[in-house]
Amino acid sequence: MVVQKGDFIKLSYTGKLDNGTVFDTTDANVAKEYGIYNEKASYGPETIIVGKGFVVQGLDEDLIGKEVGYHGTVTVPPEKGFGLRRIDQFETIPVKKFKEPVRPGVRVNIGGRAGTVESIAGGRARVNFNPPFAGETLQYDYTIDALVEGRDEKIAALLRVYTGKDVDHTVEDGKVVIEVPKDFAFNQRWILTKGAIATQMMELEGINEVVFQETYRKEEKQEAAPAEEAPAAGEEKKE
């Protein structure tokens, strides 16, 4: 089956820089080999929607027209990867403005902007606010593992993509009711994520309403066991 824009697919890939450095992969063994393994990350084929920006543009475009099961390599220029390296994204900032000591190579956050310290001189740090791989030509080795079909399967896949876990939900009469995990309630990123989930779901056939539901249940109190009577003075405890 040929992959088209809007298809849900399971994709395995490894991204490398021109010098062979691996910066991203869905394979745990490759991540360990190149020292980028993250114990908190979930490895294995990643579910994406083709043409929706779930991966860099150059890889996204290369998927279209390929058969399920296809394995190949694509070279992605900077403008279709993480963008060109822009001079206006470099700033010189007094070291005293940083809360923690800084050194070249350290990632910092200034006014909500993430950057990398490139050099320090005269009490001032030169910070690069470009994306980490801006200006780099990328190479992706990838495999299209499977096509995700069926509305319910796509809904479950979307929830896993955006939350990283299996989220309880029901689908009935064109309405999806999602049970929001308790640990998401005060997560600021979740506010934005909800909108993206709802938008993607309502593009599926027959879905015209998405409800996010938070449920709190009263926990039953455990009755305390009766305390054992202490023996009176001079008495021995009976077995």
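Predicted, not measured: the structure shown is a model, and the values here were computed from it.

**Student:** When you look at the sheet that holds strand 5 (residues 90-94) in this model, what are you seeing that I'm missing?
**Tutor:** Within a beta sheet, neighbouring strands are joined by backbone hydrogen bonds and run either parallel or antiparallel to one another. One open sheet accounts for four strands, arranged 5-8-7-6; its pairing is antiparallel. Lying at the two open borders of the sheet, with one neighbouring strand each, are strand 5 and strand 6 (107-110). Across the sheet, the axes of successive neighbouring strands diverge by a mean angle of 45°, strand direction being ignored. As paired elements, strand 6 and strand 7 (residues 113-121) share four bridges and run antiparallel to each other. Bridge assignment links Val 108 to a residue of strand 7, and that residue is Gly 115.

**Student:** For this particular structure, what's the right way to read the environment of Ala 125?
**Tutor:** Following the sequence through the fold, Ala 125 ends up in strand 8 (residues 124-128). As for Ala 125 and Val 56, which are separated by 69 residues in sequence, their C-alpha atoms are 30 Å apart.

**Student:** Looking at this structure, how should I read helix 4 (residues 188-201)?
**Tutor:** End to end, helix 4 covers 21 Å across 14 residues, agreeing with the expected 20 Å (1.5 Å per residue, within 8%). Within the sequence span of helix 4, burial applies to Trp 190, Thr 193, Ile 197, Ala 198, Gln 200 and Met 201. End-on, the buried residues of helix 4 take up no more than an arc of 160°, which puts them together on one face. Exposed residues pointing more than 90 degrees away from the buried face of helix 4 are listed as Gln 188, Ile 191 and Leu 192. Elements in contact with the buried residues of helix 4: strand 3 (46-49), helix 3 (151-163), strand 11 (175-179) and strand 12 (209-213). Capping the start of helix 4 is the job of one residue whose side-chain oxygen sits 2.9 Å from the backbone nitrogen of Arg 189: Asn 187.

**Student:** Whenever I open this one, helix 3 confuses me. Can you help?
**Tutor:** In an α-helix there are 3.6 residues to a turn, and that puts residues three or four apart on one side. Taking 1.5 Å as the rise per residue, helix 3 with 13 residues should run 18 Å; its terminal C-alpha atoms sit 18 Å apart, in good agreement. Within the sequence span of helix 3, burial applies to Ile 155, Ala 156, Ala 157, Leu 158, Leu 159 and Thr 163. The elements touched by buried residues of helix 3 are strand 1 (8-17), strand 3, strand 10 (169-172), strand 11 and helix 4. Residue Gly 164 follows helix 3 closely and has a positive phi angle near 80°.

**Student:** Sorry if this is basic, but what is going on with unusual backbone geometry here?
**Tutor:** Most peptide bonds are trans, and most residues other than glycine sit at a negative phi. Although it is not a glycine, Asp 173 adopts a positive phi angle of roughly 50°. Structurally, the position occupied by Asp 173 is in the loop between strand 10 and strand 11. Looking at Asp 173, the relative accessible area reads 72%, which means it is exposed.

What counts, and where the lines are drawn
Residues numbered from 1 in each chain as written. Predicted model: local features only at pLDDT ≥ 70, side-chain atom pairs only at ≥ 80, totals over all residues. Heavy atoms only, no water. Pairing = 2+ DSSP bridges. Helix = DSSP H or I, 4+ residues; strand = E, 2+ residues; numbered from the N terminus. Axes fitted to C-alpha atoms, helices over the stretch in contact; angles between N-to-C directions. Expected span 1.5 Å × (residues − 1). Buried < 20%, exposed > 50% of the residue type's maximum accessible area, 1.4 Å probe, protein only. Arc of directions from axis to C-beta. Contact = heavy atoms within 4.5 Å. Polar contact = N/O pair within 3.5 Å; in protein donor to acceptor, adjacent residues only side chain to side chain.

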